[in-house]
Amino acid sequence: MALVIHAPVGNNKKNVFKALIAAEYVGVKIELTPSFQIGVTNTTPEFLKLNPLGKVPVLETPEGAIAESNAIARYVARLKDVGLFGTSAFEQGQIEQWIDFSTLEIDLNFGKWLGPRFGSGVYNAEIEELASNATKRALECLDKHLSNRTYVVGHSVTLADIILACNLLTPIQKALTKEFMASYPHIERYFWTIVNQPNFRKVVPEVIQTVGPLPPPPSKGETQHPVSAHPHPHARHAPKEKVKKEKKEAPKPAAVPKPAETPKLVEDVEDEEEAPVKKSKNPLDSLPPSPMVMDNWKRLYSNTKAKDFHLAINGFWEMYDPEGYSLWFCDYKHNDENQVTFVTMNKVGGFLQRMDFIRKYAFSKMCILGESPPYSIKGVWLFRGTELPQMVKDECYDVELYDWTKVDITNEEQKALVNAYFEEPDEIEGVKLLEAKCFK
């Protein structure tokens, strides 16, 4: 018998995602129930045998049923030892600690703070303030913990990371703007690192951070009706008592009554599919034509052997077009934090991963410098256009963690430094090169 999760498809998302992502890591298949209807399927005698409370999700296994999303995720993660519970009893205890923290300090407080604003629960200003303060204290604690760590426990993804990222998913998609998260830069870096892991993206292919403000609070004691970011053609109408009476019109022929629709719960409205948004043209495609072709440089770079790399350097400057492209040095602002080698390398790797959207229009060499901590992260970027692209500033928060200096190609010292980054010598500016990563 296969593993089956009983829950509405596209509903209770984060609670189902926990198990599905863990399943990707351990390599097991979990089937979904696409015909599941909340308020219908979970009231049947068959479902109530699996979970008498009628709550979702429920995992059906050959041995029986398991309820509660964290318990389901734990069960799946233990089906095969791939490190999701760490490498020691101590790490396992830490993982359990952070799972509890994620649930009790993050998820629970976010629900109390933001739930009523989005239609789940009755709004109370005092409760919202208490929950908001509790959430911010938890975020401060987590941000400090992540200041010198890539993952919450150990040196690789664990179940604690999966559950924590899932519990942050909805708040970041609906409420926590880039401006809000600027106070928690290490959580911001951590979140995007986790959700861009290949096994996470198999389950959640795209995560878009909200840009709009929170909806206004409803009047005290009222429940806010959820509103989609893009109004859905089948969204609920306003309650009858709030609709203004219209002037009487001449009687019309009676319409054939339509079958009554099944009332939608809050979760159903929040999870309705949104109308597809037409993608706007990339502004970099509208720039005047340039004699330099990015792909030609990338091919030259990739196909030139190390002993002949001076030929690639010469070829670059011959094709470089300062009116159609620009070069930029970047220097990490918080190099004093780079005390651990693998954490420093992960910072660079995560940055380049999050820059993937600009790959067509950019090339970079990022370098980690130093024989011992603290290590320095520096590099050079080639961008289409004469300025740092606005889309890079808007889409990748890592950009704010670096100082950016436009290369003056009339300055021979700066050109020599560009050459050094491209060529990867043993030392750059007199400092040992520890690691170099290419973005192309």
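As shown above, the structure is provided for reference.
For clarity, every value in this text was computed on a predicted model and none was experimentally measured.

Calculation notes
Residues numbered from 1 in each chain as written. Predicted model: local features only at pLDDT ≥ 70, side-chain atom pairs only at ≥ 80, totals over all residues. Heavy atoms only, no water. Pairing = 2+ DSSP bridges. Helix = DSSP H or I, 4+ residues; strand = E, 2+ residues; numbered from the N terminus. Contact = heavy atoms within 4.5 Å. Axes fitted to C-alpha atoms, helices over the stretch in contact; angles between N-to-C directions. Buried < 20%, exposed > 50% of the residue type's maximum accessible area, 1.4 Å probe, protein only.

A.B. asks: I'm lost on the sheet that holds strand β2 (residues 30-31) in this one. Help?
C.D. replies: Reading across the sheet, the four strands line up as β2-β1-β3-β4 and stay open at both edges, with mixed pairing between neighbours. The open sheet has two edge strands with one neighbour each: β2 and β4 (64-67). In this sheet, β2 lies alongside strand β1 (residues 3-6) in parallel orientation, the contact comprising two bridges. The residue of β2 that forms the bridge with Leu3 is Ile30. Against the sheet, helix α3 (residues 69-77) contacts β1, β2, β3 (58-61) and β4, and its axis sits at roughly 125 degrees relative to β4.

A.B. asks: What is the right way to look at the environment of Val392 in this model?
C.D. replies: Take Val392: it is sitting in helix α14 (residues 390-395). Measuring from C-alpha to C-alpha, the distance between Val392 and Met355 comes to 7.7 Å, with 37 residues separating the pair along the chain. Residue contacts for Val392: discarding those within four places in its chain leaves Met355, Phe357, Ile358, Phe383 and Val399.

A.B. asks: How should I be thinking about unusual backbone geometry in this particular structure?
C.D. replies: Between Val56 and the following residue, Pro57, the backbone shows a cis peptide bond with an omega angle of 0 degrees. Positionally, Pro57 belongs in the loop between α2 (45-50) and β3. Residue Pro373 is joined to Pro374 through a cis peptide bond whose omega torsion reads 0 degrees. Relative to the helices and strands, Pro374 is located in the loop between β6 (362-369) and β7 (376-384).

A.B. asks: In this structure, what is going on with the pairing of β7? I would like to understand it.
C.D. replies: Along any regular strand, the residues point their side chains to alternate faces of the sheet. Burial of β7 is extensive: seven of the nine residues sit out of reach of the surface. One ladder, built from seven bridges, connects strand β5 (residues 325-332) with β7; its direction is antiparallel. Following the sheet pairing, Cys330 is matched in β7 by Gly379. With eight bridges joining them, β6 and β7 adopt antiparallel strand pairing. Residue pairing in the sheet places Phe363 in a bridge with Leu382 of β7. Hairpin remark: β6 followed by β7, antiparallel, with six residues in the connecting loop; positive phi at Gly370, about 125 degrees.

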